[in-house]
Structures are given as structure tokens and as C-alpha cells.
Amino acid sequence: MLYSCAVSLCSVCRVPVLCVPRPCAVSLAGVSPPAAATLAPAGSLELWAPGRLTFSLWDYGVFALMLLMSTGIGLFHGLARGGQKTSEDFFTGGRRMSALPVGLSLSASFMSAIQVLGVPAEAHRYGAKFLWMCLGQLLNTLLTAKLFLPVFYRLGLTSTYEYLERRFSRSVRLCGTLQYVMATMLYTGIVIYAPALILNQVTGLDIWASLLSTGVICTFYTTIGGMKAVIWTDVFQVFVMLSGFLAIIIRGVLLVGGPTMVLTIAANGSRMNLADFNPDPRSRYTVWTFLVGGTLVWLSMYGVNQAQVQRYVACRTEREARMALLVNQVGLFCIVSSAVACGLVMFALYKDCDPLLAGYISAPDQYMPYLVLDIFKTSPGVPGLFLACAYSGTLSTASTSINAMAAVTVEDLVKPRLPALAPRRLTLISKGLSLIYGTSCITVAALASLLGGGVLQGSFTVMGVISGPLLGVFILGMFLPMCSTAGVLGGLAVGLAFSLWVAVGGTLYPPSAATMGALPASGALCPLYNHTAGANRTSLLGPLLPFEEPPAPARPAIVGDFYAISYLYYGALGTLSTVVAGVLLSSLSAPPHGTSFPAGPSKRTRLPPGVLWWDITKQTSSVAPTGQKPPGEEPLGKAEAPRARVEGDASTRRGPPEPSTATDLLLQETHV
């Protein structure tokens, strides 16, 4: 029989106990029971289990209000001013967006329920050093603004993978597109699964109801409203996420006794471990994992990822696109630091009885929903704010991903095969693809529960394994003119196989908690009861009964430690192996059959004009918009961009067209 009762103080040890009519009967740390106390017989104590915590009608009302407002924003932008007349309007908002909403949308895109659930849990288990993730994000922002944004913005691309066709060949473009769609569908499935985990594991709500309520809503407003709906709902959802975090932090700090007490308890529990410079790559989080692995995995998600590039090329000018990246960085810092603060507050509240050790939750990802329902059980409606917080992150990420997958499909697969399609029909096809991809992501979400290691690790693993090699391909194309088509295809295959091998090995042979650097948690003062006392049993506070961890699977002798590498390095391994293999294979590859080119790498003189980073940034700066764009001025678009590619016999390649405009002249000048 499960029951709860009033809390009183033990008359001897002055420790809060439940329903204790006499002095405490369990020895606590440093305190012995009185001589007159009767100790419970050995093996007679069992862990007291609380009843299931659930959301109230007020909580569901707050959550429904958030869904209703998100849907309303999507409908407004889908129907206002006649809706989207062209696919350009649907995918880039007509390239008329300003920096502030785009920047907030960028920060919301990958700060989903995965971060709402995963980051506080990781901070609780591994400490405040997760704040170093902000440094990796800052380096990613600076590198994106300097290296990748100018290329994509000045070429006026809707699909980032169109660049790969201009630089290499259509086969490289298709490989990039298919790999991106695969990664994004898996990632979005995990994102949709995360809030379903909240409702199913903590409140018992059917998981399919959770999946459908998320997937259907975001698919609906993305299909109706396009990129404008995605951006403006993201803005609304960022503020919902921050409001949820702020409510949890304030309430938790008040319960602990103030911010000083939180920091003191966290420091005593080794959670204020910012100066962790351990070079061991098996350690889950150190300064180096965030500086190297974190920077590269975020660069693969922001620098060349279709979902993010599509957002900042929607800005009116290149200057506003850079400002959007800076706004994005501020948003990321606020969200990550708030999530880490929640993790420290959680540790301070449960320092003597960890919910995972006590069995109140079954996975680390459930820390946050348990915390919210525990500290806000007397505040109807506030847990609903957290629910809306988690779902807001999910909706922002899922809607972005659906729109991006539809964009690359239209640009890379539909338009090249059906170039004569009318704009209105192309818009209808775009909306249909959004609907199809939304349905597919819901299906993938149902399979995401099979992932081990937590939703945060699962999401970064998927993006690192698949997006990491794609980042290497863009680096080869933009910065290494000697890289050939054969070399980049081989490098992409090597990078994908290598990172996938390490990720699968790490999943099959996970490292121990000690190897990863997990910090100890306590179960010294958890509620217990004497099950031999019959109906008059009392609840006490005492240490948890010892238990044995299940034996770890046998690790391979040679590569066992290699499999234990931190999951943040998966993307870095994919990127670096792609670049190294691409350079080596380009140097060794034979020339195309029937050409007079010598074996070895390509030369700049054989490349199409305007595809290398320094050519685009240096030569187009005189015509690229630097402030407010005059009416009718557009980025260097597809009509003006070079179409030549190195394919087949060199004698059949066409030279650059005669310069008929200033843009054409600049492009011809870049042909060194």
C-alpha cells in the first residue's frame, strides 16, 4: 500500500522524517540511534515509492494554448497577402526577413526538447562544465559568418547542395542531398520522440497521442505557412522555452534556500568543475571535447546544414544575415546556461536522494519532468508551462527540418527533371512534400525509443555521423582546389563509414560511468519503510539498500578503448577523415578516360569560375549588398551563377559565357 503523510522532525537527530511517532530507527550519517530505539530487522526495510505524478487540467490548458498560438501564427502567414505564390516565397520567405526573427529562429532550431530534457540531466550528472558548449557554439558562429555564409548568400542558393554540383558534379550533389535527408529524418524523429517520453514515462499518457499531437501540428502549420510561419513560430517558442526554464530556476532556488546555497551544494558535490582539461578523449565532457568536437558538430549543423543556411539566406542583406547569426549566439547562450542552471538546481534539491537511484524515474532524461511535477505540485498550470517549453523546442526543430527537406527535394530532384513547371504548381508540390516528410518523421519518432544513452547523445550521434562527413565535403570544395570529384566521393564514403563504425561500436560497447567521468549521486536519505510492521508500518529516512550493477558486455581487446571515445567526437572524426581521404584520393586518382590531363589533383584553371571561397568573397564584394538593398537587387542568383562543371573530356567543356552584365564580368574575372 502506497501512502504519504505529514513531515516531522526526529526528536533525536532532528532530520525530517515521514510519519515517525518515536525517535528515528535508522542510523544516519554520523548519528547513532538512541539506546531505546528498536532497529528494524535485517532485510525488512523497503524503499518508499511515491505515487505517479501527473499533469492537471490547468497544465493541459496551458499546453493547448501554446499549440493554438503556434497554429494561428502558421495560418496567418500561410493565408495573409494571398499566401505563397512561388516556391521561393515558401522556402525563403521571399528573402525579405530581418535579422532579429531569423536569429531567434536559428537558436530555436536545434534547441529542441532534446536540450530541454538532455542538458539539465547532463549537467546534473557531469557538472557545470557543460557550459563550455557555449564556447563551441561561439566559435561555430564566427566560422560560419566568415567562411560559409558569404558563399551561400552571394550565390543565392536555396539548396546548399547545388553548390556541390557547381564545384564537382551532379553525383556529388545527389549524394549530399540523400545523406542530408536521411540524417534530418532520423534527427527529427528523435526530437518528436523526446516530449512523448515526458508524457508517457512520467504521466502515463499514451505515447502515440504525444507523437501525433506534436507531428500533426508542426506538419500542418509548416505546410500551410512555409518559411515565414516557421520563423515566426520559432520566435514565439523561444520565449516559451526561456519562460519555462526561468520558472523552474526561480522555484528551485527558493526551495533550496537561495542561489548561494545552490552553488555551495553544487561545489560540495563536485558539480562546479569548469576547469576540466583532461585530455583523455574517452571522458564524456571536457574543455577539449567542447572546443574540438563541439565546435565541429555545431559547424556541421550551422555552417552547411540546409535547415540553417535556408534561414539566414532568407535575410534581406548579407549584413543582416551576419547579425542574425549574432542574435542566434545570444539565444543559444541564454538557453544553454538556463538548462545548466536547472541541472544544478536539480542536484541541490535531490542531493540526498537521487530520483534515478531511488527508482522514481527509469532514465536520466526523466529528471526534468519529475523535477517540475515535484516542485510545482501545488501550483496548477506551471507544469503546463514546462510542457509547453519542451513542445515549443520540438515544434521549432521539426517544422524547420520538414521545410528544409522539402526544399532540397524540390531544388535537387524536382526542378532539374521538371524545369518547365509553373510556379503555382511547384508551390503545391512543395507543400505536398512537407506533408509527406512530416508523416515520415512521425513514423521515425515511433522507433526512436529503441535508442540507448539518452536523447541528447542520440541526437548528436546522428548529426555527427552523417553531417560531419558532409561538412568535410564542403571544406574540400571551397578551400582545396586540388580536390576532384572522384576524391570527394571517396572521401565522403570513408568519412561516413569511419564515423558510423565508431558510433555503432560505442553503442554496442558503451563505456562505464567511471570512464565517462560521471559524478557520484547520493541515496543516503531516501524514504524507507519497514515491511514487516504490518498495517502500522512507519516511513523513515535512511540509505538505499545496496544493489549490484549489471555486468558490462565484454569489450574487444584492441578497439575497446577507441569505442569509448566521447560522442561529441563522432562528427569531428567524420569531418577530418573525409578531408584527409579526399585529399589523398584526389592526389592519386587517374584522369578521366580520353583526356590529356595528367594524373593527380585538379588545378584552379580547370575549375568553374566563382566556386572557391576566396574568389567569391573577394570578387563579388563590390556588388554584394552591404546595407539596405535597393529595390530589385538580389544576391548573386542562379541565373547569373556559373553552370560549368568538370565532366568528361576537357575538349568538350564550354568556357564561361560572354559577359553581358556586371555580374557575368565578375564571374569571368574569378576564373584564374
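Higher on the page you've got the structure.
Residues numbered from 1 in each chain as written. Predicted model: local features only at pLDDT ≥ 70, side-chain atom pairs only at ≥ 80, totals over all residues. Heavy atoms only, no water.

**Student:** Quick question: what am I supposed to make of the pattern of salt bridges here?
**Tutor:** Close approach of charged atoms lets side chains of opposite charge pair. Summed over all chains, the structure comprises 14 salt bridges. Among the ionic pairs, Asp 352 bridges to Lys 351, the shortest N-O distance being 2.9 Å. Overall, Asp 352 belongs to the partly exposed group, its relative accessible area being 28%. Each of Glu 165, Arg 170, Arg 173 and Asp 412 takes part in salt bridges that share partners, so that together they form one network. (Salt bridge = Lys/Arg side-chain N within 4 Å of Asp/Glu carboxyl O. Buried < 20%, exposed > 50% of the residue type's maximum accessible area, 1.4 Å probe, protein only.)

**Student:** Would you take a moment to explain unusual backbone geometry for this structure?
**Tutor:** Outside of glycine, negative phi angles account for most residues, and trans bonds account for most peptide bonds. A positive phi angle, near 65°, is found at Ser 270, a position not held by glycine. The topology assignment puts Ser 270 in the loop between helix H9 (259–268) and helix H10 (287–302). Judged by its relative accessible area of 42%, Ser 270 is partly exposed. (Helix = DSSP H or I, 4+ residues; strand = E, 2+ residues; numbered from the N terminus.)

**Student:** It is not clear to me how the packing of helix H12 (residues 318–349) against helix H14 (residues 367–375) should be interpreted in this structure. Could you clarify?
**Tutor:** A pair of packed helices is captured by two measures, namely the crossing angle of their axes and the spacing between those axes. For the pair H12 and H14, interaxial distance at closest approach is 11 Å and the crossing angle is 65°. Crossing of H12 against H14: the hand is left-handed. Every residue of H14 that contacts H12 at Cys 342, Met 346 and Leu 349 is listed here: Tyr 367, Met 368, Leu 371 and Ile 375. Residues belonging to the contact of H12 with H14 are distributed by class as follows: seven nonpolar, no polar and no charged. (Axes fitted to C-alpha atoms, helices over the stretch in contact; angles between N-to-C directions. Left-handed = near helix turned anticlockwise from the far one by under 90°. Contact = heavy atoms within 4.5 Å. Nonpolar A, V, L, I, M, F, W, Y, C, P; charged D, E, K, R; others polar.)

**Student:** Could you clarify how one ought to interpret the nonpolar core in this entry?
**Tutor:** In globular proteins that are soluble, nonpolar side chains generally tend to be buried together. Counting residues in hydrophobic clusters, the biggest one holds 161 residues, and the most contacted among them are Phe 152 and Tyr 163. If you tally residues by element for this core, the top one is helix H8 (residues 207–256), at 17 residues. What Tyr 163 contacts, discounting residues up to four positions off in sequence, is Val 151, Phe 152, Leu 155, Leu 157, Phe 474, Gly 477, Met 478 and Val 611. (Core = buried A, V, L, I, M, F, W, Y, C linked by side-chain atoms within 4.5 Å.)

**Student:** For this particular structure, what's the right way to read helix H3 (residues 99–109)?
**Tutor:** Burial analysis of H3 places ten of its eleven residues in the buried class, which makes it a mostly covered element. Every buried residue belonging to H3 is among Ala 99, Pro 101, Val 102, Gly 103, Leu 104, Ser 105, Leu 106, Ser 107, Ala 108 and Ser 109, and all of these are buried. Buried residues along H3 sit in contact with H8, H10, helix H11 (306–312), H12 and helix H15 (382–417).

**Student:** In this structure, what is going on with H9? I would like to understand it.
**Tutor:** Because each turn of an α-helix spans 3.6 residues, side chains separated by three or four positions in sequence point in the same direction. Turning to H9, its buried residues are Val 262, Ile 265 and Ala 266. Projected down its long axis, H9 carries its buried residues within an arc of 100°, all on one side. The outward face of H9, more than 90 degrees from its buried face, is lined by the exposed residues Thr 260 and Asn 268. One or two positions beyond H9, positive phi appears at Ser 270, with a value near 65°. (Arc of directions from axis to C-beta.)

**Student:** Just to check I follow, could you spell out the environment of Ala 404 for this structure?
**Tutor:** Secondary-structure assignment places Ala 404 in helix H15. You can call Ala 404 buried: its relative accessible area is 1%. Sequence separation of Ala 404 and Tyr 180 is 224 residues, and the distance between their C-alpha atoms is 9.7 Å. Those residues in contact with Ala 404, other than ones at most four positions away along the chain, are Tyr 180, Gln 306, Ala 307 and Gln 310.

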